Protein chains: 2
Amino acid sequence: MVPEPLAHALRGAAKVVSEEELRAKLNLGRPLRIKLGVDPTSPDLHLGHSLLLRKLRDFQELGHQAVLIIGDFTALIGDPSGRSITRPQISHEEIERNAATYREQAFKVLEEARTEVVYNSSWLGKLRFADVLRLNSRVTLQQMLHRDDFRGRWEKQQPIHAHEIQYPIMQGWDSVMVNADVELGGTDQLFNILVGRDLQRAEGQPEQVVLLMPILEGLDGVRKMSKSLGNYIALTDSPDEMFGKIMSISDELMEKYYSLLLHRAMPPGTHPLEAKKTLGQEIVSTYHSTALAEKTRAAWTVRFSERRLDEAELPAFPARTGDAAAVVVAAFGTFKLAKSRSEASRLIRQGSVQLDGKKLSQPGDQVSLSPGQTLRLDKTHAVRITAA
Amino acid sequence: MVPEPLAHALRGAAKVVSEEELRAKLNLGRPLRIKLGVDPTSPDLHLGHSLLLRKLRDFQELGHQAVLIIGDFTALIGDPSGRSITRPQISHEEIERNAATYREQAFKVLEEARTEVVYNSSWLGKLRFADVLRLNSRVTLQQMLHRDDFRGRWEKQQPIHAHEIQYPIMQGWDSVMVNADVELGGTDQLFNILVGRDLQRAEGQPEQVVLLMPILEGLDGVRKMSKSLGNYIALTDSPDEMFGKIMSISDELMEKYYSLLLHRAMPPGTHPLEAKKTLGQEIVSTYHSTALAEKTRAAWTVRFSERRLDEAELPAFPARTGDAAAVVVAAFGTFKLAKSRSEASRLIRQGSVQLDGKKLSQPGDQVSLSPGQTLRLDKTHAVRITAA
């Protein structure tokens, strides 16, 4: 059964500019070009991206063409959207390494036949200074600094480097280069995508429709799920990682995850633990397989629900003294958790790490581990302290 | 006799950043590279430039190397310094046409042997977007918008187009590319030249000394002498034009012109008319020849000083009705004055144009010329109205 196009296109969307224009484009009788840009600033696409990939997929189901832009050029700057500080720049090598895997990851959701994958370095990398000047002449600093995040930094007198305002211009030029009919993004992308409309108009192209999806909060329940905040579930996470991460989120987040990821309400009256297991299972099922999802749920239930985590079975970790962040990296780095000092510091600050039930509070505090104590990261990860 | 280097280098300068650094560079015992950039946004170099060219010449006399940058790339934007609105862009063809004559004009002042002439398109034209991003990452928008003219426009909510802030960055990159030891400019160039220091430092180069000359007011006595304001004496003006323009300036301006152009005070007690003639003669003598200068002065004296301009000898102009600006263009365009509507409007607004001794006030006012009247532009230009 073919879904009703406008309703299907808008399912789950947070905002559209404008519904009227979208309706008109859907009636053109040709496949629309639906643009989604993703910057390869980390090795993994994550569930936050999946909302957008699935929206692209919705359009594919209506017969339209997905245009996935791997932002290997824009990644050089990093999108300053929603950031309160200048983003650190990333190396060419990292970008290339990350970009190489994005295609495959995206096809966990997209139909390959109706997807065009392009790299924006192929046009942005060729622009010369004179071209850049021409594009820049089409926007004003006032317009740029009116953007929420820039304005916030301006008002707080935090530096905004001159290259940062090139980001929206580059993203907008991408729309011109791929002849986008619709651009998808999170709600924090409104400004950037509108710049695309400006540049398309200046080039005599019809303006793209802006279709924004809600922002998925990360595992911390507070901030946007994002590569650079490290609070994400990657599409390439193993079934155990995916399931475990879902089990670790707060009960309050569940409702939103159900609505955004499963497109349905959380069943009323369900115990949160069961609701989480169902969510975890469905997500593993989408990105791995139904069989693996069932197996993962069962194994988790055996390990954690039906009996208490047996302290005696915990991995051993030799007693030591050091600052809290260093100790956490040493104890949990091998579990692929708290691999870096900054990740450990974040976990400590958010109160996740407990020594014998007492939260560590500051990454720089001195911590002394004694044999017999338990250092716990979350429900599923803890170590038992042994003699050094 | 070799002049004392520091004193000669600073003669007539308005500001130096810093004298200490300049002294140290002068003691390096090698020819310094003294940069002056000129954008070919009009066909002519003018007396405003001559202050800077003569300062370059001062350095040449001390054995240093002049690096004259023809800003054929920067001219694409035009320097927004000191401007209250976005500057109109100029075509590639115009720029090339203008640039072609600059070399020859500059050598009216500079020693050819100690002058390197370079075009900044030869490096700026090759920069790619990634290079532009790198340079932009070294400055902040706060720094740019702190500049007087940008700040003024910002506060008045006048648009500042994003390409305009590239100007100081380009000018700064020029300094890196030519390894400038000293950059010369008018006092409105302080900000731009300091950006050059920033970029040189970022590239590990010694920072250039900033040496600023006073701004020469134009013929209107109010605004900077400038190509785009049309209030200038071109180095290529004919002896008659040069002399005539000097004779048209206000008595108040004379003192400054003496000091800046002749490096001496106006002789006290001289009649302003005589002082002007002397100034005019010396300037014609510099840019043409002593013989021509004497001849021009003598001819002018015969025509204008010894007898009153005879109304009967004025060129005839047929009576007509129209708006003031259009009438002025029609009447004086052939004299190479008031060639455009905007120039005519400016002259009318500043009260230069009189019909039978009565000033025209608004360019848009309806004006009706009747046979027998005199329409006068300045002391040397007027037409006698005849039957249509």
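Residues numbered from 1 in each chain as written. Chains lettered and ligands numbered in written order. Predicted model: local features only at pLDDT ≥ 70, side-chain atom pairs only at ≥ 80, totals over all residues. Heavy atoms only, no water.

Asks: Is there a simple way to explain the pattern of salt bridges in this structure?
Replies: When the charged atoms of two side chains lie near each other, side chains of opposite charge can form a pair. Tallying each qualifying case throughout the model produces 54 salt bridges over all chains. Across the pair Glu 111 of chain A and Arg 114 of chain A runs a salt bridge whose closest N-O atoms are separated by 3.5 Å. Look at Arg 114 of chain A and you get partly exposed, because its relative accessible area is 32%. Ionic pairing is found between Glu 183 of chain B and Lys 35 of chain B, a salt bridge with its closest N-O pair at 2.9 Å. Of this pair, Glu 183 of chain B sits in strand 5 (residues 182–186) while Lys 35 of chain B is found in strand 2 (residues 33–38), placing the two residues 148 residues apart along the sequence. Lys 35 of chain B matches Glu 183 of chain B in its accessibility class, with the two residues each being buried. Three or more residues joined by partner-sharing salt bridges are found here, namely Glu 21, Arg 197, Asp 198, Arg 201 and Glu 207 of chain A. (Salt bridge = Lys/Arg side-chain N within 4 Å of Asp/Glu carboxyl O. Buried < 20%, exposed > 50% of the residue type's maximum accessible area, 1.4 Å probe, protein only. Helix = DSSP H or I, 4+ residues; strand = E, 2+ residues; numbered from the N terminus.)

Asks: Looking at this structure, how should I read the relation of the copies chain A and chain B?
Replies: The transformation that overlays chain A on chain B combines an axial shift of 0.0 Å with a rotation of 179°, and the residual RMSD is 0.3 Å. Taken together, the rotation and translation describe the operation of a two-fold axis. Proximity to the rotation axis, assessed at the C-alpha, singles out Arg 128 of chain A in chain A; its C-alpha lies 2.3 Å from the axis. Of the residues that chain A buries at the interface, 100% are likewise interface residues in chain B, meaning the two copies contact each other through the same surface. (Least-squares fit on C-alpha atoms with pLDDT ≥ 70 in both. Contact = heavy atoms within 4.5 Å.)

Asks: Looking at this model, I keep getting lost on the packing of helix 15 (residues 324–332) of chain A against helix 16 (residues 341–349) of chain A. Mind explaining?
Replies: A pair of packed helices is characterised by two quantities: the angle between their axes and the separation of those axes. Residue and element names in this part refer to chain A. Between helix 15 and helix 16, the shortest axis-to-axis distance is 8 Å and the interhelical angle comes to 110°. The angle between helix 15 and helix 16 places the two elements in the roughly perpendicular class. On the side of helix 15, the interface is formed by Ala 324, Ala 325, Ala 326, Val 328 and Val 329, while helix 16 contributes Arg 341, Ala 344, Ser 345 and Ile 348. Classifying every residue of the contact of helix 15 with helix 16 gives seven nonpolar, one polar and one charged. (Axes fitted to C-alpha atoms, helices over the stretch in contact; angles between N-to-C directions. Parallel < 35°, antiparallel > 145°, perpendicular 65-115°, else oblique. Nonpolar A, V, L, I, M, F, W, Y, C, P; charged D, E, K, R; others polar.)

Asks: Just to check I follow, could you spell out the sheet that holds strand 7 (residues 316–318) of chain B for this structure?
Replies: Residue and element names in this part refer to chain B. In space, the five strands of this open sheet follow the order 7-13-12-9-10, with mixed pairing throughout. Bordering the open sheet on either side are strand 7 and strand 10 (358–359), each of which pairs with just one other strand. Pairing between strand 12 (residues 374–378) and strand 13 (residues 381–386): four bridges, direction antiparallel. Bridging across to strand 13, Asp 378 finds its partner in His 381. (Pairing = 2+ DSSP bridges.)

Asks: Mind showing me how you'd approach the interface of chain A and chain B here?
Replies: Contacts between the two partners involve 31 residues from chain A and, on the opposite side, 31 residues from chain B. Both faces combined, the contact of chain A with chain B buries some 2,900 Å², and carbon together with sulfur accounts for 73% of it. On the surface where chain A and chain B come into contact, there are zero salt bridges. Breaking the side of chain A that touches chain B down by element, the ones donating at least two residues are helix 6 (129–136), helix 7 (141–145), helix 8 (148–155) and helix 9 (166–178) of chain A. In terms of residue count, the dominant contributor to the side of chain A that touches chain B is helix 6 of chain A (five residues). (Buried area = accessible area lost by both parts, 1.4 Å probe.)

Asks: Sorry, what's going on with the confidence of the model for chain A here?
Replies: Per-residue pLDDT for chain A averages 86, and the proportion of residues at 70 or more is 94%. Scored by ipTM, the complex comes to 0.72, with pTM at 0.73. (pLDDT = per-residue confidence, 0-100.)

Asks: Looking at this model, I keep getting lost on the environment of Leu 6 of chain A. Mind explaining?
Replies: Residues and elements named next belong to chain A. Counting through the fold element by element, Leu 6 comes out in helix 1 (residues 5–10). As for Leu 6 and Leu 76, which are separated by 70 residues in sequence, their C-alpha atoms are 36 Å apart. The residues touching Leu 6, leaving out its near neighbours within four places in the chain, are Glu 19, Leu 22, Arg 23 and Leu 26.

Asks: Where do I start with unusual backbone geometry in this structure?
Replies: One can expect most non-glycine residues to show negative phi and most peptide bonds to be in trans. Residue Ser 18 of chain A is reached from Val 17 of chain A by a cis peptide bond, and omega for that bond is -10°. Take Ser 18 of chain A: it is sitting in the loop between strand 1 (15–17) and helix 2 (19–26). Its identity is not glycine, yet Asn 179 of chain A carries a phi of approximately 55°, on the positive side. Note that Asn 179 of chain A resides in the loop between helix 9 and strand 5 (182–186). Phi at His 263 of chain B takes a positive value of approximately 55°, unusual for a residue other than glycine. Position of His 263 of chain B among the secondary structure elements: in the loop between helix 12 (251–262) and helix 13 (272–287).

Asks: Looking at this structure, how should I read a positive patch on the surface?
Replies: A cluster of basic side chains, namely Lys 126 and Arg 128 of chain A together with Lys 126 and Arg 128 of chain B, defines a positive patch on the protein surface. Looking at the element boundaries, Arg 128 of chain B is found in the loop between helix 5 (121–124) and helix 6 (129–136). (Patch = residues over 30% accessible without salt bridge, like charges linked within 9 Å, V, L, I, M, F, W, Y side chains within 5 Å. Areas by Shrake-Rupley, 256 points an atom, 1.4 Å probe, with all protein chains shown as cover. Lys, Arg positive; Asp, Glu negative; His and termini not counted. Charge placed at Lys NZ, Arg CZ, Asp CG, Glu CD.)

Asks: Looking at this structure, I do not really get the sheet that holds strand 6 (residues 209–213) of chain A. What am I missing?
Replies: Strand-to-strand pairing in sheets goes through backbone hydrogen bonds, with the strands running parallel or antiparallel. All names here are of chain A. Taken together, six strands build an open sheet; the order of strands is 1-6-5-2-3-4 and the sheet is mixed. Strands at the two margins of the open sheet, each flanked by one partner only, are strand 1 and strand 4 (115–119). The average angle at which neighbouring strand axes cross in this sheet is 20°, direction not considered. With five bridges connecting them, strand 5 and strand 6 associate as parallel partners. Looking at strand 6, one finds that Gly 185 is bridged to Leu 212. The sheet strands contacting helix 4 (residues 92–106) are strand 2 (33–38), strand 3 (65–70) and strand 4, and the helix crosses strand 3 at an angle near 155°. Across the sheet, helix 10 (residues 190–202) is in contact with strand 1, strand 5 and strand 6; its angle to strand 6 comes to roughly 165°.

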